[in-house]
Amino acid sequence: MQVQSYFSSLDSLDGELSTLNLGPTHPATHGIFQNVLKMDGEKIVSAQPTIGYIHRAFEKIAERRPYNQITPLTDRLNYCSSPINNMGWHMTVEKLIQCELPKRADYMRVIVMELARIADHLVCNAVIGVDTGALTGFTYMFQERERIYDMFEEVCGSRLTTNIGRIGGMERDFTPRFHKLFRDFMATFPARFEEFNNLLERNRIFMDRTIGAGPITAEKALAYGFTGPNLRAAGVDYDVRVMSPYSSYSDFEFDIPVGKDGDTYDRFMVRQEEIRQSMRILRQAYENLPEGAYHAEVPDFYLPEKPDVYTKMEALIYHFKVVMQETPIPVGEVYHCVEAGNGELGFYLISDGGRSPYRLHFRRPCFIYYQAYPEMVRGSMLSDAILTMSSMNVIAGELDA
Amino acid sequence: MNLNNDIVLAAIERRFPGAIASHSTPYGMLTLETTREHIQDMLHFVKEDPELQVGFLTTLNAVHYPNDVGRELCIVYHLHSMVHNFRFRIKVFFPIADPVIPSATSIWPTANWMERQEYDFFGVQFAGHPDLRRILNVDDLDVFPLRKEYRMEDGTRTDKDDRFFGRDGHEGREFD
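Residues numbered from 1 in each chain as written. Chains lettered and ligands numbered in written order. Predicted model: local features only at pLDDT ≥ 70, side-chain atom pairs only at ≥ 80, totals over all residues.

A.B. asks: I keep staring at the overall build of chain B and nothing clicks. Help me out?
C.D. replies: When helices and strands are counted, chain B shows three helices and seven strands. Beginning at the N terminus, the succession of helices and strands in chain B can be written as α-β-β-α-β-β-β-β-α-β. Seen along its three principal axes, the alpha-carbon backbone of chain B occupies a region of about 55 × 50 × 25 Å. Taking the intrachain contacts of chain B between residues at least 6 apart in sequence as the baseline, contacts between residues at least 24 apart amount to 48%. (Helix = DSSP H or I, 4+ residues; strand = E, 2+ residues; numbered from the N terminus. Contact = placed C-beta atoms within 7 Å.)

Shown next, in the form of structure tokens:
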């Protein structure tokens, strides 16, 4: 309380405070957001965030797109881990049409999603390093991310905005080249990752910069709707993969790392440990990858094999129906959430029986927790505020939808 | 003790007799409907009640039903009791001519931006909100773009009307 009155009294003193415009485009914000900061020297008195610079009206567009055409929209939410968004959307529709997936499809999805999580966390943590002045780790971790993108390319043909998987399963089976890349990655990544880890984890400069920067308590974090690594860094062990398992996550054994102080260092450490846990899941999923079909039998939604379309009447009919959206959609409403790179990514879908959603609402973790930012940086140094922002992993695409 | 749909429904009904206008469980998730008069107390109750402990507001969003006269707008709250791992939703309907609903910001600070977003897109006035401004759209926009009267496409196009999205007045019928 005293701190606040100190600031408000300074606030009224003319000429004592300066206004600093951080953003909308600034290299240190890693995206397009603006913060109007009121500064007392190098200390932040208040921050006023403005968002929406890359708002693309996904919720409106989704009301005029058939279900399979909404997947590319979800790519562009958190574009650091598009596959998780894609799968989350597929699972929402599968819940609506009550479609059960074969185990192999589930495991393939888990592999793709955990690779995406590793890529997402790698970028975030490497960037925290950059913002503390350690560029080297970033250059090495970016190469690892490229290797993950090479694998995505084998699974779906694209790298960043993946449009991976289909409603009802995966689009194709893992290719031989994917298996080669994956085995290679599993063999070499852990050692390189530990090398990166050793550069920062007990690095005096890094620790001095990050410990105590932008802390948040567990109660505050919950009140502000935090989820994902940011909430776990504050000490709450909430993980959607465990609380409401989807895509056979209950088959795997992994731990949920939690922090204590909810500061930048804890957020960094939680993400580091989650990468290791993701490797554990990957190993289990790959070793136990079941044989069988990689998609469910839902001809109303899943395109038939192309050669069949040319030779079989049934396949031709279904192909036409899927492409022309002649598919009956059940009436109802579902909420489905997945553990995305930044926390609980939710899809609330209301169907009135039309071919496109009547209403589709995205629960975007970034958007919800970024509103705590002004409170987290109040009273801290500007350089800490930059670190806090990069450790929260605010992704403009997910923030603005 | 684990919560289930019946326990939660009974607990809320006991505390607010007659306040639940209807309830259903689409796809297994308990969905209650209440009114603007009760919503704030109800949210406060489920959060503070030692039995329910619904401490987490997952998300809230508006829906526009233009043909439902007097109940055109709807706010849906998705609530989550992390202690019991139980989710449910509460809906409140109100007329578009009087789009006012009490704000949940005093209960959960996270409702702040969620409500600003729904104000931005649907024009819902959240009474008691500390800073109800547009958030994703430009400040001087004079429409609420997610309302159904604003079409996605150019209005003169005939190849993109409702019929092509299965909305010819027969939606929801059983196909065979």
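A.B. asks: Would you take a moment to explain the domain arrangement of chain A for this structure?
C.D. replies: Accessible area lost upon the coming together of the parts serves often as the stated size of an interface. All names here are of chain A. Its domain assignment divides chain A into domain 1 (2–50) and domain 2 (58–400). On the domain 2 side, the residues contacting the 14 residues of domain 1 number 19 residues. Ranked by residues supplied to the side of domain 1 that touches domain 2, first place goes to strand β3 (residues 43–50) with five residues. (Domains from an automatic or database assignment.)

A.B. asks: Is there a simple way to think about helix α3 (residues 111–122) of chain B in this case?
C.D. replies: Since one α-helical turn is 3.6 residues long, residues separated by three or four positions face the same way. Under the 1.5 Å per step criterion, the end-to-end length of α3(B) is 16 Å for 12 residues, consistent within 8% with the ideal 16 Å. Of all 12 residues making up α3(B), 12 are buried, and the element is well covered by its neighbours. Turning to α3(B), the residues buried within the fold contact α15 (365–369) of chain A together with β3 (56–64), β4 (73–81) and β7 (125–127) of chain B. Among the residues trailing α3(B), Gly123(B) stands out with phi positive, at a value near 75°. (Expected span 1.5 Å × (residues − 1). Buried ≥ 20, exposed ≤ 12 C-beta atoms within 10 Å, placed from the backbone.)

A.B. asks: Help me understand the environment of Arg151(B) in this model?
C.D. replies: Residues and elements named next belong to chain B. Take Arg151: it is sitting in the segment after β7. Look at Arg151 and you get partly exposed, because 14 C-beta atoms sit within 10 Å. Each C-alpha atom, one on Arg151 and one on Asp161, is 9.4 Å from the other, the two residues being 10 residues apart in sequence.

A.B. asks: Can you help me understand the nonpolar core in this one?
C.D. replies: Nonpolar side chains tend to gather and get buried jointly when the protein is soluble and globular. Membership of the largest hydrophobic core comes to 154 residues, with the highest contact counts inside it found for Val338(A), Leu399(A) and Ile75(B). The biggest single contributor to this core is helix α5 (residues 103–131) of chain A, with 17 residues. There are two domains that each give this core at least three residues, and those are domain 1 (2–50) and domain 2 (58–400) of chain A. Excluding residues within four positions of it along the chain, Leu399(A) makes contact with Phe33(A), Ile51(A), Cys366(A), Phe367(A), Tyr370(A) and Val394(A). (Core = buried A, V, L, I, M, F, W, Y, C linked by C-beta atoms within 7 Å.)

A.B. asks: Please clarify how the interface of chain A and chain B should be interpreted in this entry.
C.D. replies: Taken residue by residue, the interface counts 37 residues in chain A and 31 residues in chain B. Elements with a contribution of two residues or more to the side of chain A that touches chain B: α2 (58–62), α9 (218–223), β4 (332–340), β5 (343–351), β6 (359–363) and α15 of chain A. Ranked by residues supplied to the side of chain A that touches chain B, first place goes to β4(A) with four residues. Here the residues of the side of chain A that touches chain B are counted per class, giving 16 nonpolar, 10 polar and 11 charged. (Nonpolar A, V, L, I, M, F, W, Y, C, P; charged D, E, K, R; others polar.)

A.B. asks: I'm lost on the confidence of the model for chain B in this one. Help?
C.D. replies: Detailed reading of the predicted model is not advised wherever pLDDT is low. A residue-level look at chain B finds 95% of positions with pLDDT of 70 or above and a mean pLDDT of 89. Predicted complex metrics record ipTM = 0.92 and pTM = 0.92. (pLDDT = per-residue confidence, 0-100.)

A.B. asks: Sorry, what's going on with the sheet that holds strand β1 (residues 18–22) of chain A here?
C.D. replies: Consider a sheet: its strands pair through backbone hydrogen bonds, and that pairing is either parallel or antiparallel. Residues and elements named next belong to chain A. Taken in spatial order, the three strands line up as β1-β2-β3 in an open sheet, and their pairing is antiparallel. Edge positions in the sheet fall to β1 and β3, since each of these pairs with one other strand and no more. Looking at each pair of strands side by side, their axes are set apart by 25° on average, direction ignored. Taken together, the five bridges between β1 and strand β2 (residues 34–40) define a ladder with antiparallel strand orientation. Residue pairing in the sheet places Ser18 in a bridge with Met39 of β2. (Pairing = 2+ DSSP bridges. Axes fitted to C-alpha atoms, helices over the stretch in contact; angles between N-to-C directions.)

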